[in-house]
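# Tertiary structure, described
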Amino acid sequence: MLTFHREAAGRRDVIALTPESLVIAGWAGRDEAAIRHHIDELAAIGVPPPSSVPVYYRAAAATLTQAPRLEVLGPDSSGEAEPVIVSLADGLWLGLGSDHTDRKAETVGIALSKQLCGKPVGTGLWRLDEVAPHWDDLVLRAYATIAGERVLYQEGRLTALRTPGDLMARRPGGPDLPPGTVMFGGTLGAIGGIRPAERFEMELEDPVLKRTLTHAYDIAVLPVVA
């Protein structure tokens, strides 16, 4: 079960959700050059290109987590900050998550790799219709702690990504997103390339309404026994 702190029209409340389904939209950029950059950086670590863009991967809803510590098998995983659409009984909400992925497994099969790591999501939500008019102004940002050094890992405006309405319309079974569904909405290229970290921090800034969603988690690497 996930717990969300929601903010809408200046009011705040708390709601619990047991997600029923998880959809991860891949290669969800609007900018063809940016998409190519992300495909190329994945190709550099052996990940084959997608058959089409965008693509929609299904993953187990049970992989969603709000724990402050994520356990992964081996040293080959990394996070990706993403806007997250959460469909609730009273409408669509915007949150923040990380499509943490096993990069070694990704070279074998992307859909397989999506199942192998927990998917961290933050506790904050904004009502989607409050931010939709200025979606392109929202800023997605991530920091990674690598070898003890905190570095800027991702940064850019959501103008680089397809809007939620566009993604939902293209999704098989769309254009609606049934209540209980969580959809990850795509990511930005990694500054300096994809690489593992000991800690991953992310934020989604709304410069128009002057607020920010944040979430962070530590990565605990479990040993691989031959």
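That block above? That's the structure.
An account of the accompanying structure is given in this report. Sequence order as written defines residue numbering, which begins from 1 separately in each chain. With pLDDT at 70 or above as the cut-off, local features in this predicted model cover only qualifying residues; side-chain atom pairs require 80 or more to be listed or tallied, and sums for whole chains, interfaces and linings still use all residues. Hydrogen atoms and water are omitted, and side-chain values are computed over all heavy atoms in the structure.

## Topic: a nonpolar patch on the surface
Patches here: salt-bridge-free residues with over 30% relative accessible area, like charges joined within 9 Å, nonpolar side chains (Val, Leu, Ile, Met, Phe, Trp, Tyr) joined within 5 Å. Each accessible area is a Shrake-Rupley estimate made with a 1.4 Å probe; only the visible protein chains count as cover when residues are assessed. Think of a salt bridge as a Lys or Arg side-chain nitrogen and an Asp or Glu carboxyl oxygen that are within 4 Å of each other. Side chains of Leu73, Leu222 and Val224 sit close together on the surface and give an oily, nonpolar patch of about 280 Å² of accessible area. Helical segments are the DSSP runs of H or I of at least four residues, strand segments are the runs of E of at least two, and each set is numbered from the N terminus. Relative to the helices and strands, Leu73 is located in strand β6 (residues 69-73).

## Quick notes on the side chain of Arg103
Looking at where Arg103 falls in the secondary structure, it is placed in helix α2 (residues 103-106). Relative accessibility under 20% of the residue-type maximum defines a buried residue, over 50% an exposed one, and the middle range a partly exposed one, all with a 1.4 Å probe and only protein chains included. What makes Arg103 buried here is its relative accessible area of 7%. The contact partners of Arg103, leaving out residues within four places of it in the chain, are Leu42, Ile45, Asp76, Ser77, Ser78, Gly79, Glu80 and Ile194. By definition, residues are in contact when any of their heavy atoms lie within 4.5 Å.

## Side note on the sheet that holds strand β17 (residues 211-222)
Here we have 5 strands laid out as an open sheet, ordered β6-β17-β16-β13-β14, and mixed in their pairing. The open sheet is flanked by β6 and β14 (149-157), the only strands paired with a single partner. With direction set aside, neighbouring strand axes in the sheet form an average angle of 20 degrees. Pairs of strands are assigned from DSSP output, requiring at least two bridges between the strands. Angles run from 0 to 180 degrees between N-to-C directions of axes, and those axes are lines fitted to C-alpha atoms, restricted for helices to the stretch in contact.

## Focus: the pattern of salt bridges
Counted under the stated rule, the structure contains 22 salt bridges. Arg6 is paired through a salt bridge with Asp90; the nearest N and O atoms lie 3.0 Å apart. One end of the pair, Arg6, is in strand β1 (residues 2-8); the other, Asp90, is in the loop between β8 (81-88) and β9 (91-98), and 84 residues separate them in sequence. Close ionic contact of Arg69 with Glu71 constitutes a salt bridge, the shortest N to O distance being 3.1 Å. Look at Glu71 and you get partly exposed, because its relative accessible area is 45%. Through salt bridges with shared partners, a single ionic network connects Glu7, Arg12, Glu130, Asp206 and Arg211.

## Quick look at the pairing of strand β12 (residues 124-127)
Looking at chain direction, β1 and β12 are connected through 3 bridges and run parallel. Paired with Glu7 across the two strands is Trp126, which belongs to β12. Where β9 meets β12, 2 bridges bridge the pair, whose relative direction is antiparallel. Within β12, the residue paired with Trp93 across the bridge is Arg127.

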